Amino acid sequence: MGIRGLMSFVEDYSNEFFVDLKLRDTKIIIDGYSLFHRLCFNSNLELRYGGDYDSFADVVQKFFESLFACHICPYVVLDGGCDITDKKLTTLKDRAREKIQAAHSLSVGGGGNVCPLLIREVFIQVLIRLKVCFVQSFSEADRDIMTLANHWNCPVLSSDSDFCIFDLKSGFCPLNSFQWRNLDTIKDTQDYYIPAKSFSLDAFCHYFNNMNKALLPLFAVLCGNDHVNLPIMETFISKVRLPFSSKGRRYHRVLGLLNWLSNFDDPTEALDNVLKSLPKKSRETVRELLCCSMEEYQQSQVKLQDFFQYGTYVCTDALNLGLPGWVLAALAKAQLPPFISDALVLRRTFLHTQVENMQRPNAHRVSQPIRQIIYGLLLNAPSHPEDKSPNTLPSQLLAFNEVERIKTNIKTSTVYVKQLLKDHCDLSKLAELPLSRRQMLLLEALKVKQVVLESIPTSLKLPIAVTCYWLQSTEAKAKLHHLQALLLGMLREPLHVIINSPDSEDPRRGGAKMLYEELQQVKAAMRPGPRLDLDTAHVFCQWQSCLQMGLYLNQLLSTPLPEPNLTWLYNGNLVHRLCQQLLASCSAESLLSICPEARQLYEHLFSATRSYAPAELFLPKATSKSKKRRQKKKIASLGTTSDTKHCSYAIK
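How each quantity is defined
Residues numbered from 1 in each chain as written. Predicted model: local features only at pLDDT ≥ 70, side-chain atom pairs only at ≥ 80, totals over all residues. Heavy atoms only, no water. UniProt positions renumbered as here; feature names shortened; annotations may be inferred. Core = buried A, V, L, I, M, F, W, Y, C linked by side-chain atoms within 4.5 Å. Buried < 20%, exposed > 50% of the residue type's maximum accessible area, 1.4 Å probe, protein only. Helix = DSSP H or I, 4+ residues; strand = E, 2+ residues; numbered from the N terminus. Contact = heavy atoms within 4.5 Å. Lys, Arg positive; Asp, Glu negative; His and termini not counted. Salt bridge = Lys/Arg side-chain N within 4 Å of Asp/Glu carboxyl O. Polar contact = N/O pair within 3.5 Å; in protein donor to acceptor, adjacent residues only side chain to side chain. Pairing = 2+ DSSP bridges. Axes fitted to C-alpha atoms, helices over the stretch in contact; angles between N-to-C directions. Phe/Tyr/Trp six-rings, centres within 6.5 Å; stacked < 30°, edge-to-face > 60°. Lys NZ or Arg CZ within 6 Å of the ring centre and 35° of its normal.

The protein has the name Asteroid homolog 1 in an unreviewed UniProt entry, where Rattus norvegicus is given as its organism. As stated in UniProt under Sequence similarities (unreviewed entry), the record for the protein gives "Belongs to the asteroid family."

(A) Representation of the nonpolar core in the model. One finds Phe9 and Phe64 to be the most contacted residues of the largest nonpolar core, which totals 222 residues. For this core, the element with the highest residue contribution is helix 25 (residues 534-556), accounting for eleven residues. In contact with phenylalanine 64, other than residues within four places in its own chain, are Ile30, Leu35, Pro74, Val76, Phe123, Leu127, Leu130 and Val132.

(B) Spatial organisation of the side chain of lysine 461. With respect to the element layout, lysine 461 can be found in helix 21 (residues 461-472). Buried and unpaired, lysine 461 has no salt bridge, with glutamate 454 as the nearest side chain of opposite charge at 8.0 Å. A distance of 3.1 Å separates a polar side-chain atom of lysine 461 from the backbone oxygen of isoleucine 456. In this structure lysine 461 touches Leu453, Glu454, Ile456 and Leu561, once residues within four positions along its chain are discounted.

(C) Up close: the sheet that holds strand 10 (residues 399-406). An order of 9-10-11 is seen for the three strands of this open sheet, with the pairing classed as mixed. The two strands at the open ends of the sheet, each matched to only one other strand, are strand 9 (348-350) and strand 11 (409-416). On average, each strand axis in the sheet is inclined to that of its neighbour by 25°, with strand direction left out of account. Of the pairings in the sheet, the one linking strand 9 to strand 10 comprises three bridges and is parallel in character.

(D) Looking closely at the environment of leucine 378. Here leucine 378 shows up in helix 18 (residues 368-378). Using a relative accessible area of 4% as the deciding quantity, one classes leucine 378 as buried. Linking leucine 378 and serine 341, residues 37 residues apart in sequence, is a C-alpha distance of 9.7 Å. Setting aside chain neighbours within four positions, we find leucine 378 in contact with Ile340, Ala343, Leu344, Leu427 and Leu556.

(E) Summary view of the pattern of salt bridges. Using the criterion set out here, one finds 21 salt bridges in the structure. Between glutamate 46 and arginine 48 there is a salt bridge, with its nearest N and O atoms 3.8 Å apart. Each member of the pair, glutamate 46 as well as arginine 48, carries the same accessibility label: buried. Ionic pairing is found between aspartate 52 and lysine 523, a salt bridge with its closest N-O pair at 3.8 Å. Linking aspartate 52 in the loop between helix 3 (32-41) and helix 4 (53-69) with lysine 523 in helix 24 (residues 509-524), this pair joins segments that are 471 residues apart in sequence. Here aspartate 52 and lysine 523 have matching classes, each one buried. One salt-bridge network, held together by shared partners, links Asp52, Asp54, Arg492 and Lys523.

(F) Looking closely at the environment of histidine 481. Along the chain, the position of histidine 481 falls in helix 22 (residues 480-489). The sequence separation of histidine 481 and glutamine 580 amounts to 99 residues, and the corresponding C-alpha distance is 8.6 Å. Histidine 481 has contacts with Cys579, Leu582 and Leu583, leaving out every residue within four places of it along the chain. A polar side-chain atom of histidine 481 sits 3.3 Å from a polar atom in the side chain of histidine 482.

(G) Just the packing of aromatic side chains, in detail. Evaluation of the coordinates by the stated rule reveals 35 aromatic pairs. Judged by centre distance (5.1 Å) and plane angle (75°), the rings of phenylalanine 17 and phenylalanine 204 are edge-to-face. Highlighted residues: phenylalanine 17 in helix 2 (residues 14-17) and phenylalanine 204 in helix 8 (residues 201-207), separated in sequence by 187 residues. Classification of phenylalanine 17 as buried rests on a relative accessible area of 0%. Look at phenylalanine 36 and phenylalanine 123: their rings are 5.5 Å apart centre to centre, the planes differ by 50°, and that puts the pair in the tilted class. Note that phenylalanine 36 is positioned in helix 3 and phenylalanine 123 in helix 6 (residues 119-130), a separation of 87 residues in sequence. Among the residues examined, phenylalanine 123 registers a relative accessible area of 0% and is labelled buried. The structure contains a cluster of three or more aromatic residues connected by ring pairs, namely Phe9, Tyr13, Phe17, Phe18, Phe199, Phe204, Tyr207, Phe208 and Tyr251. Here lysine 27 stacks its cationic end above the ring of tryptophan 152, 4.0 Å away from the centre of that ring.

Okay, here's the thing in structure tokens:
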């Protein structure tokens, strides 16, 4: 995000460009994307096992509690889908490659930063629980954040260097100097504040020969931001003879361009001098591109303050696409993810890489049939302009592109839609379908019968339906201990509910507390070795992909099944460690013996998923072919009346 090299440059001049703040008693606009990445990567969380979600949720909660203690009122703004002009496509692909390299490094015991797949969804659930106000922009949020902050005259909190270019009335506070963990008090009072630093655009321009602020957008696009990366600009850079710096190429470019631009009175004069250094045939094209990119630093027409006051805001770009009103409202409330927006607007989605086995097909392949159904539902939206071309083939109307991992690189694959609704319900009417119809559509997509979920607690119906789908996939190579570990991990929230029951005499509390603490100890005992068990990691990445797409389909259908609490649902450390224990000597049955209620729930979960698992899942490892056939017959003959007996056999 932002301008390459600028953030580290301004931090080197901290004394000149920043002022100290004692932040309290104010509104603050928070760049949600920057915040959840910062909290994920700077809180000593384990990133290799696919999601330390409960620890992450604790960090998010503590962050906002610090703000509340200082009477700081946060407003979180989340990025939406990709820009509808697609001008950042090259940058997005470069970032996707970088994430693949980081994930590969983590998978073989190295370092790297890769957000677990569901981190954004967990972040949003915590915001809802804490009643923090938030909104999702239709596309990238930077300009909307700047406009809202200036309307309310309050600071912005982010790690995006673009905010060094925006002219913010109350300044920009970088996250890396926002000391929310170190609250202090005003002298002789009990009033808390957060020590922070605010970037001063006036001081920055004063340092560079009282530079005109209006020159800074040109500086951003010349330096190289997310929208502009023209090889021809290197011709200009080479001709202006920027001064040499021992601190590296990016530092050298930032310092040199600022010094050079400070000689001009306004952007027009500076731009003319830039174009003089380029071949004549390229000048007008480059001028148009640079001017268009500079507009990204102007005020947005979107008024997010309307959302926080009235529950809705107007985005002209979105309205011009003719999308259904309920879709726009759901996107603004983050009830639909950017994935849906990208599929609707661009017919293209990015599949985020996880820490998985890079030698195998990417983990998202297993959930592709769910995405095909999502695409099928979105297909009944207003036609795209490109769809109306006389040269468009019928097959192209049914195609979406997915940018996915292939080994350690990316590839754009074409995926064709599937439609389950026989009456081809228009997207604008989808939310009006009866609950039973939407629920049936969801379960049909997940290939699960409703009767199987009848004994499952409401909060776990969707995860269990997703698990049934996952077990049926030929792509997934799940083993019995993988399934057991997942189901055992799902018990933590029900245990937590029992432990925190208002009835202090509840006879279930003792056993529930013992089992909960046992699971916490198992999680804490996870010590990463030099390498992951890649097969196990890949299997759980496949399951998370199924869960993510199951969540998205459920949201698109206006949640016919309740959303699960992701904070408690899955913990990578725990399930990986449980796999190790189950393979060694421990059995699920012995672990559950201290809590009959948890054992009974586990057996319900196991029974529901067992009916969709291949018979091979329950066979002992080393068995002759003839014995395998006999055991398959025995398993097939076990009826639902002996579920408990079967579970005892299967989990020993």
